[in-house]
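# Topology and contacts: notes
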Amino acid sequence: MGKSKDIYYPSKKVVENATVKDYDKLYKKSVKDIEKFWAEEAKRLEWFKPWNKVLDDSEFPFYKWFVGGKTNIISNAIDRHLKTANRNKLAIIWEGEPGDIKTYSYHALAREVCEFANVLKAMGVRKGEVVTIYMPQIPEQVFAMLACAKIGAVHSVVYGGFSHEAIAERVNDAKSRVIITADGGYRRGKPTQLKEIVNKAMEIAPTLEICITVKRTGEDVYMENDRDYWYHELKSLPIAGHSCGTEEMDAEDPLFILYTSGSTGKPKGLVHTHGGYSVYTSATHRMVFDIKPEDRWWCAADPGWITGHSYLVYAPLINGATLFMYEGAPNHPYPDRWWRMIDKFGINILYTSPTAIRGLMRYGESWVTKHDLSSLRLLGSVGEPINPEAWKWYYRVVGQERCPIMDTWWQTETGGFVITPLPITPLKPGSATKPFFGHEIAVVDEDGNEVAPNEVGALVLKNPWPGMARTILNDPERYKDTYWKKFEEKRWYHAGDSAKKDEDGYFWIIGRSDDVIKVSGYRLGTAEIESAVVSHDAVTEAAAIPLPHELKGNAIHVYAILKEGVSPSKQLEKEVKDHVAQVMGPIAKPEEIVFVDSLPKTRSGKIMRRVLKARALGEDEGDLTTLDD
Ligand code: WT7
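Now for a quick tour of the structure. (Residues numbered from 1 in each chain as written. Predicted model: local features only at pLDDT ≥ 70, side-chain atom pairs only at ≥ 80, totals over all residues. Heavy atoms only, no water.)

The next thing to look at is the site of the ligand. Looking at the ligand, there are 17 residues lining it, with Asp407, Thr408, Thr412, Asp497 and Arg523 nearest. Taking Pro385, its main chain carries an N or O atom lying 3.5 Å from a nitrogen atom of the ligand. Lys518 is positioned with one of its side-chain polar atoms (N or O) 2.8 Å from an oxygen atom of the ligand. With the chains in place, 96% of the 560 Å² that the ligand exposes on its own is no longer accessible. Those elements that place two or more of their residues in the shell around the ligand are helix 11 (306–318) and strand 25 (507–512). (Near = heavy atom within 4 Å. Polar contact = N/O pair within 3.5 Å; in protein donor to acceptor, adjacent residues only side chain to side chain. Areas by Shrake-Rupley, 256 points an atom, 1.4 Å probe, with all protein chains shown as cover. Helix = DSSP H or I, 4+ residues; strand = E, 2+ residues; numbered from the N terminus.)

If you want it as structure tokens, here you go:
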């Protein structure tokens, strides 16, 4: 099969276990009638009231799914399980970085979520209101998200590594009134200072009236009367009863917004819904990872990203699995922390990112192999293309050549997996393999013609799917322009990635084709980085580009022009780097800042980042006809 010899076939045992035994057959059926396929998936879930139309495409590109249906993601993620034997099953196993452990059955989870929901109600939170969550990876972060969903409020989780400016920008866009945080969390043995960052954000986010703080580290924090409340104090009041009804939502009502970077400086608040998102995340998770009732599932992403929303929180709970969650750094106190926990809790599936794998790989095999990892059945990867070397290490050392690797390609916008293997799929290291059910996918040129096998082109998704983001909050025009304008007549979704498809129909993702940089799997916009750089007093202009990095996949390299009279120095480089980390958060800290006298620009004044990149890599600079001398 295929030309490449580098193909990995699943074992007989994996195939016997598999939920889907014949990909081609189900795939053909699914794309022949996507509405029928998705309706069958939707029927697996509980609805207050069934839909009367599966897909409404009359207002392209603003698709609607399960129109007329009434549901709430919580009826499927929690309530339904309370009526079955799942009630007493563990929903969450959590380990804190210092080694503290907490477990919650579905019954206990339901109580925690009800209490949190009642507290939010007492704070005046209403259906449709946006609540901002800025928390460490502790169980309360999950409770807070679920509590919002339960009462019909819309959560907006801001990753705990972001700066106060980043929080304020998101809060101001969503006009959020309530923010939930913690005094801090643990990272590499030290408490982080989340509440302090929220306090600074509150100064520049005028809509925020109330901050609820969960006590985690016990560090001193500054709090103001009538603005700041400790969660444990609210929770002990009579208002926080153990029962709370689940709000009946329209299938298309928003469940959350999640901000992500695009090619302009302003982050996009993508909107996901109760109905379609429940169906899409649970179906992809069940079929791709063969979820079984006895499974212990670990998605090692932070809930602050879409991976955490879809596959740490919602899909595993809807599927009634036991999810594992860890607070801290993978190498604390030693580089075997992850492997120790897999052994200790008997984790069956690990879903993580290439950057995490590369990071753990450098410590050597013995940290892994000294633990018993025989509980592992499947592995997963997400966030960026996985280099074959890391793939093979993950396969051989972690999975002991027993566990197929599900390399899942998707985006914040897609809500769930789009290109992905199933456990039965023969794997080629570095390829996300084939489309998930219901998707027809192509690699095309500028005019929308499919390119020849192994040629690079733009990745397009031809069919709508229930998990797709419905719009960008407050900016539907931008939603149209970014994803749908390019191939408008054909109604194709333009993903913004360049890719190849080989002669076996396997997809190979190359990377972003827009001004987005993936650093350690995190998505950052060049425009955001550049404006952070020029907000430093010494700088007038800057260009940011990604260059390959052994651990991070890509690292940020900045070319900056200094103001008249300022001279470049190592000290200034450090200062500007720290400034960017301060403004955007530590993940955006540039690897290198080179001070230059000019930047290559087109005659219309656009910076040609492509030229900077080619020069840095010593590659051909390509077509320079638009370059201004
Ligand atoms: C971008 C989306 C999807 C959750 C995490 C990232 C890249 C994602 C893969 C993969 C190659 C991948 C793409 C995509 N990407 N998964 N398996 N192989 N590239 O979500 O932050 O919205 O980023 O991540 O470039 O467009 P995101």
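Anyway, onward from the coordinates.
In this structure, Trp38, Phe66, Leu146, Phe289 and Leu459 are the most contacted members of the largest nonpolar core, which totals 122 residues. If we ignore the near neighbours within four places in the chain, the residues touching Leu459 are Trp409, Ile419, Ile441, Ala442, Val443, Tyr493, His494, Ala495, Asp497, Ala499, Phe507 and Ile509. One finds Val158, Ala538, Val576 and Met584 within the second-largest nonpolar core, a separate group that totals 40 residues. (Core = buried A, V, L, I, M, F, W, Y, C linked by side-chain atoms within 4.5 Å. Buried < 20%, exposed > 50% of the residue type's maximum accessible area, 1.4 Å probe, protein only. Contact = heavy atoms within 4.5 Å.)

Neighbouring strands of a sheet are bound in pairs by backbone hydrogen bonds; such pairs are parallel or else antiparallel. As summarised here, the arrangement of the 3 strands in space is 28-29-30, forming an open sheet in which the pairing is mixed. Here the strands that pair on one side only, and so sit at the sheet edges, are strand 28 (539–549) and strand 30 (592–595). Averaged over all neighbouring strand pairs, the angle between strand axes comes to 25°, with direction disregarded. By the bridge criterion, 10 bridges tie strand 28 to strand 29 (residues 553–562) in an arrangement that is antiparallel. Bridging from a neighbouring strand, Ala543 pairs with Tyr559 of strand 29. Together, strand 28 and strand 29 form the strand contacts of helix 17 (residues 526–534), whose direction differs from that of strand 28 by roughly 135°. Helix 18 (residues 570–584) rests against strand 28, strand 29 and strand 30 of the sheet, and its axis sits at about 125° to strand 30. (Pairing = 2+ DSSP bridges. Axes fitted to C-alpha atoms, helices over the stretch in contact; angles between N-to-C directions.)

What follows is about the sheet that holds strand 24 (residues 493–501). Overall, antiparallel pairing links the 4 strands, which are arranged 21-22-24-25 in an open sheet. The open sheet has two edge strands with one neighbour each: strand 21 (441–444) and strand 25. This sheet shows a mean twist of 45° between the axes of neighbouring strands, independent of strand direction.

Next up on the list: the pairing of strand 16 (residues 296–299). Pairing of strand 16 with strand 17 (residues 322–326), which is carried by 3 bridges, proceeds in the parallel orientation. Along strand 17, the bridge assignment pairs Trp298 with Phe324. Following the chain from strand 16 across helix 11 to the adjacent parallel strand 17, one finds a crossover that is right-handed. Judged from the 3 bridges that link them, strand 16 and strand 18 (residues 349–352) form a sheet pairing that is parallel. In the strand pairing of strand 18, Trp298 is matched with Leu350. (Right-handed = clockwise from strand over helix to strand, strands pointing away.)

Moving on: the packing of aromatic side chains. By the definition in use, this model includes 47 aromatic pairs. Ring centres of Trp410 and Phe417 lie 5.9 Å apart, and the angle between their planes is 75°; this geometry places the pair in the edge-to-face category. Accessibility assignment for this pair places Trp410 and Phe417 in one class, buried. When the ring of Trp484 is compared with that of Tyr493, the centres are 5.4 Å apart and the planes differ by 65°; the resulting orientation is edge-to-face. Judged on exposure class, the residue Trp484 and its partner Tyr493 are both buried. Over the ring of Trp230 we find Lys215; its NZ or CZ atom is 4.2 Å from the centre of that ring. (Phe/Tyr/Trp six-rings, centres within 6.5 Å; stacked < 30°, edge-to-face > 60°. Lys NZ or Arg CZ within 6 Å of the ring centre and 35° of its normal.)

We now examine the environment of Ala543. Among the secondary structure elements, Ala543 is positioned in strand 28. C-alpha of Ala543 to C-alpha of Ala149: the two residues are 394 residues apart in sequence and 40 Å apart in space. Contacts of Ala543, omitting those with residues within four sequence positions, involve Glu530, His557, Val558, Tyr559, Leu599, Ile607 and Leu612.

The next thing to look at is the side chain of His164. Relative to the assigned elements, His164 resides in helix 7 (residues 164–174). Here His164 falls in the buried class, since its relative accessible area comes to 14%. Ignoring any residue separated from it by four or fewer positions in sequence, one finds His164 in contact with Ile197, Lys200, Ala201 and Ile204.

Attention now moves to unusual backbone geometry. Cis peptide bonds are those with omega within 30 degrees of zero, and the linkage from Phe60 to Pro61 qualifies with 0°. Note on placement: Pro61 falls in the loop between strand 1 (53–56) and strand 2 (64–67). A cis amide bond, omega -5°, links His332 with the succeeding residue Pro333. You can see Pro333 is positioned in the loop between strand 17 and helix 12 (337–345). At Phe66, a residue that is not glycine, the phi angle is positive and equals roughly 55°. Phi at Arg188 takes a positive value of approximately 50°, unusual for a residue other than glycine.

Their axes nearest at 10 Å, the elements helix 13 (residues 354–361) and helix 15 (residues 388–398) cross at an angle of 70°. Relative to helix 15, the element helix 13 lies roughly perpendicular. Here helix 13 contributes Ile357, Arg358, Leu360 and Met361 to the contact with helix 15, which in turn contributes Glu389, Ala390, Trp393 and Tyr394. Partitioning the contact of helix 13 with helix 15 into residue classes produces 6 nonpolar, no polar and 2 charged. (Parallel < 35°, antiparallel > 145°, perpendicular 65-115°, else oblique. Nonpolar A, V, L, I, M, F, W, Y, C, P; charged D, E, K, R; others polar.)

Another aspect to go through is the packing of helix 6 (residues 139–151) against helix 11. Two numbers describe how helix 6 lies on helix 11: the axes approach to 12 Å, and their chain directions differ by 60°. Helix-helix and strand crossings are classified by hand; for helix 6 and helix 11 the assignment is right-handed. Where helix 6 abuts helix 11, its residues Val142, Met145, Leu146 and Ala149 lie against His309, Leu312, Val313, Tyr314 and Leu317. Taken together, the residues of the contact of helix 6 with helix 11 sort by class into 8 nonpolar, 1 polar and no charged. (Left-handed = near helix turned anticlockwise from the far one by under 90°.)

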